[in-house]
Every structure is written in C-alpha cells, then in structure tokens.
Amino acid sequence: MGAATDSVFGYSMSKTYIEAIYTVDHIDVPAGATSWDASSERNNSVIAWTVDNDGNGFSEVYIGANQGKIALPADSSEMFASFSNVHTMDLRRVDTTQVTNMSNMFYHLSSIKNFDISSFNTINVTNMASMFQSASGFTELDLSHLNTSKVTNMSNMFNMAYNITNLDISSF
C-alpha cells in the first residue's frame, strides 16, 4: 500500500516523501524536475517543483516567484501541516501581510530541525489556534518577531509540541 495522496501547494502528491521546502526568488525549474503552477490565480506567477537532490527517495520542494515574494492567501490554515518528514522549511520569501488565519499552519511537523519564518508579517492575523500543535520536531522556536495584536484565538497553539525547550514569545 502506497502513501496517501495529498494536495501539496495545488499538486496531488504524497507529503510523506518530502524532506525539505524552500522558497526561492525565481521560477527557473531545473531539467528533470516535476513542476506545476502553484499560484492561486493559475497564471504561472508562482511555480513549484520537486527534485530529489541527494537521491534518497525523498524530494525537496521549491516554490518560486519572479516577483520575489510569494503571497499567501488570507486563509493559510494547514498550509504547511502534516509534512511529517520535512526537516528543513525556509519560508523567508513568503508574503503573509494578507493572512488572517494561521490555524494549524505547522501542525504535525515531527521531523523539523531548520525553520525560518523570519519574514512573516502577522499584522492582520486573527487566528493562530493550534498553529504548532503536535509539532514535536521543534526544540527551539523564536517567535519574538510576530505581531499578535489582532490575534483573538491562540487556543492550543503549542498543544502536544512536547519537545520545545526554548520558546521566545516575548512580543506576544
């Protein structure tokens, strides 16, 4: 029995076989990569592709846009959830200024080691419920740059994220 098929940024594939997610400032897809239109408008402004750089059977996903930033939708709930084998997630090139819902956004990231959301602008976010729930891969999490002034729901934000030993929420 194979792994279940999920929607990965608008493409049907299994999240089980993905080990890293990177955002990049171009849409130059390398030869041999599987690519698709990941834009919400379906106009090729955002392209995603997968490659297995190290030949281990797990793919790296790259998401790129020529405009540099990749705008996330207002409802970004569960957008990066359940990538259980992802060890690296570099989201420095995403634009979150229009996002209002980040609930379950990073749910069940059980293998994460390298994580960068330093570019996240959360000025309009109202819902962060269960944002890091069951994300047992995290041991350190610096969220000091997040603006939570409009957030009305943080319930279970870190529920069952048992391995976090260093958490910076000084701006909350």
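Just so we're clear, the structure is a prediction, and the values are computed from it rather than from any experiment. (Residues numbered from 1 in each chain as written. Predicted model: local features only at pLDDT ≥ 70, side-chain atom pairs only at ≥ 80, totals over all residues. Heavy atoms only, no water.)

Participant: Can you lay out the packing of aromatic side chains for me, pointing to particular residues and giving the numbers?
Facilitator: Using the criterion set out here, one finds 14 aromatic pairs in the structure. For the pair Phe106 and Phe120, a centre-to-centre distance of 6.3 Å together with 35 degrees between the ring planes defines the contact as tilted. With Phe106 in the loop between strand S9 (94-95) and strand S10 (114-116) and Phe120 in the loop between S10 and strand S11 (140-142), this residue pair connects regions lying 14 residues apart in the sequence. Accessibility assignment for this pair places Phe106 and Phe120 in one class, buried. Members of the aromatic cluster, each reached through a chain of ring pairs, are Phe9, Phe80, Phe83, Phe106, Phe115, Phe120, Phe132, Phe138 and Phe158. It is Lys15 that lies over the ring of Phe83; its NZ or CZ is 4.7 Å from the centre. (Phe/Tyr/Trp six-rings, centres within 6.5 Å; stacked < 30°, edge-to-face > 60°. Helix = DSSP H or I, 4+ residues; strand = E, 2+ residues; numbered from the N terminus. Buried < 20%, exposed > 50% of the residue type's maximum accessible area, 1.4 Å probe, protein only. Lys NZ or Arg CZ within 6 Å of the ring centre and 35° of its normal.)

Participant: Describe the sheet that holds strand S4 (residues 34-37), naming the residues involved and giving the relevant values.
Facilitator: Strand order in this open sheet of six strands is S4-S5-S6-S3-S8-S10, and the pairing throughout is mixed. In the strand order of this sheet, the two ends are held by S4 and S10, each with one partner. Averaged over all adjacent pairs, the angle separating strand axes in this sheet is 15 degrees, with direction ignored. Across six bridges, the pairing between strand S5 (residues 46-51) and strand S6 (residues 59-65) is antiparallel. Its bridge partner lying in S6, Ile47 is registered against Gly64. (Pairing = 2+ DSSP bridges. Axes fitted to C-alpha atoms, helices over the stretch in contact; angles between N-to-C directions.)

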